[in-house]
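Survey of secondary and tertiary structure
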Amino acid sequence: MKIALFGPPGAGKGTQARYIVERYGIPQISTGDLLRAQLREGTELGMMARGYMDRGALVPNEVVIGMMRERISEEDCGEGFILDGFPRDISQAEALSNLMDLDAVVNIVVDESALIRRITGRRMCKCGMTYHIEFDPPAKEDTCDRCGGLLYQRGDDREETVRNRLEVYRSQTESLVEYYRKKGILKDIDGNRSIDEISRDVMRALSILEVGK
Ligand code: ADP
Ligand code: AMP
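Presented here is a report on the structure given in the accompanying data block.

Rules used in this analysis
Residues numbered from 1 in each chain as written. Chains lettered and ligands numbered in written order. Predicted model: local features only at pLDDT ≥ 70, side-chain atom pairs only at ≥ 80, totals over all residues. Heavy atoms only, no water. Helix = DSSP H or I, 4+ residues; strand = E, 2+ residues; numbered from the N terminus. Buried < 20%, exposed > 50% of the residue type's maximum accessible area, 1.4 Å probe, protein only. Near = heavy atom within 4 Å. Polar contact = N/O pair within 3.5 Å; in protein donor to acceptor, adjacent residues only side chain to side chain. Axes fitted to C-alpha atoms, helices over the stretch in contact; angles between N-to-C directions. Parallel < 35°, antiparallel > 145°, perpendicular 65-115°, else oblique. Left-handed = near helix turned anticlockwise from the far one by under 90°. Contact = heavy atoms within 4.5 Å. Nonpolar A, V, L, I, M, F, W, Y, C, P; charged D, E, K, R; others polar. Expected span 1.5 Å × (residues − 1). Phe/Tyr/Trp six-rings, centres within 6.5 Å; stacked < 30°, edge-to-face > 60°. Lys NZ or Arg CZ within 6 Å of the ring centre and 35° of its normal. Salt bridge = Lys/Arg side-chain N within 4 Å of Asp/Glu carboxyl O.

What about unusual backbone geometry?
What you tend to see is this: most non-glycine residues have negative phi, and most peptide bonds are trans. Cis peptide bonds are those with omega within 30 degrees of zero, and the linkage from Phe 86 to Pro 87 qualifies with 0°. Turning to its location among the elements, Pro 87 is positioned in the loop between β3 (81-84) and α5 (90-99). Of note, Asp 142 is a non-glycine position whose phi angle comes to about 65°, a positive value. When you line up the elements, Asp 142 lands in the loop between β6 (130-132) and α7 (159-173). A residue is classified by how much of its surface remains accessible, and Asp 142, at 40% relative accessible area, is partly exposed.

This is the structure:
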């Protein structure tokens, strides 16, 4: 099953991806995570991406598309994958469609007013887990439940950058909703609810897809 999770920054794509990984055993591919790994490793690609990420702009397509193409050709993607944060503009969507057809695009729809609160309260662990100080806190403050690592806030999750990222979403990414709706593969999910309620709806949407195969 090849699916993409779609929605503005903070909609809950990474959070929902975790449940899908658990249920279907296919990998989550987050371009943001891949880029942050490059940054941590200090690669040339990471150094190049840093400025764009720090100010909440999109990293140039020639970098991101190549990185994605490589990742989805790896062995663990044989049974499918969950894209999270890709595609982010029409050129990325076209590049992807030249490679393969997606089975579904799950569009998590969240009111603008909730997004800033979700993003600024987000805390990360280097193992990939994500928490929220208010809505999904770890059992022990600042400590990851899964690996015991120290939680941190992403530099681009501070309010000034968040506003920029939301603007970039509106101007460059949001039009993909109609692009995928026209292809007949878009599933809208009301993201203004609890993590569990959303997850139940996402699973329902995906299981219908499975039956349809
Ligand atoms: P995205 O991957 O779309 O940027 P995340 O999955 O990282 O978003 O979620 C952003 C923040 O909001 C995280 O701190 C997460 O714990 C929290 N969150 C996710 N889903 C919900 C929800 N339904 N209600 C409240 N908070 C949520
Ligand atoms: P995310 O983790 O999805 O919130 O992405 C964090 C940042 O990484 C974004 O603000 C962009 O700078 C960059 N990024 C992630 N995915 C993409 C993409 N598909 N295209 C361009 N830039 C991206």
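Back to the write-up after that little detour.
Here we look at the site of ligand 1
In the region of ligand 1, 19 residues are neighbours, and Lys 13, Thr 15, Arg 122, Tyr 131 and Arg 193 sit closest. Measuring from an oxygen atom of ligand 1, one finds a side-chain N or O atom of Arg 122 at 2.6 Å. In the environment of ligand 1, a nitrogen atom lies 3.5 Å from a nitrogen or oxygen atom belonging to the backbone of Ile 195. Within the residue set of the shell around ligand 1, elements represented by two or more residues are α1 (13-24), β6 and α9 (195-211).

Focus: the packing of helix α2 (residues 31-41) against helix α3 (residues 44-54)
A pair of packed helices is characterised by two quantities: the angle between their axes and the separation of those axes. Running from N to C, α2 and α3 cross one another at 120°; their axes reach a closest spacing of 8 Å. Taken together, α2 and α3 sit at an angle that is classed as oblique. The two elements α2 and α3 cross, and the hand of that crossing is left-handed. Seen from α2, the contacting residues are Gly 32, Leu 35, Arg 36, Gln 38 and Leu 39; seen from α3, they are Leu 45, Gly 46, Met 47, Ala 49, Arg 50 and Met 53. Among the residues forming the contact of α2 with α3, the class breakdown is six nonpolar, three polar and two charged.

Notes on α1
Compared with an ideal rise of 1.5 Å per residue, which puts 12 residues at 16 Å, α1 spans 16 Å between its outermost C-alpha atoms and is within 8% of the ideal. Lys 13, Thr 15, Gln 16, Ala 17, Ile 20 and Tyr 24 are the residues of α1 that are buried. Backbone geometry just after α1 places Gly 25 at a positive phi near 65°.

A short note on the packing of aromatic side chains
All told, the structure shown has two aromatic pairs when counted by the stated rule. Taken together, a centroid distance of 6.1 Å and an interplanar angle of 50° make the contact between Phe 6 and Tyr 169 tilted. You can see Phe 6 sitting in strand β1 (residues 2-6) and its partner Tyr 169 sitting in helix α7, a full 163 residues away along the chain. Taken individually, Phe 6 and Tyr 169 each receive the classification buried, so the pair is uniform in this respect. With 4.9 Å between their ring centres and 90° between their planes, Tyr 179 and Tyr 180 make a pair best called edge-to-face. In this structure, Arg 23 packs its charged tip against the face of Tyr 24, placed 4.4 Å from the ring centre.

Side note on the pattern of salt bridges
Summed over all chains, the structure comprises 17 salt bridges. Here Arg 122 makes a salt bridge to Asp 157, at a shortest N to O gap of 2.8 Å. Highlighted residues: Arg 122 in strand β5 (residues 122-124) and Asp 157 in the loop between β6 and α7, separated in sequence by 35 residues. Of the two residues, Arg 122 and Asp 157, neither departs from the other in class, the shared state being buried. A salt bridge links Glu 159 to Arg 163, with the nearest nitrogen and oxygen atoms 2.7 Å apart. Linking Glu 159 with Arg 163, this pair stays in helix α7, spanning four residues, or about one helical turn. One salt-bridge network, held together by shared partners, links Arg 122, Arg 154, Asp 156, Asp 157 and Arg 165.

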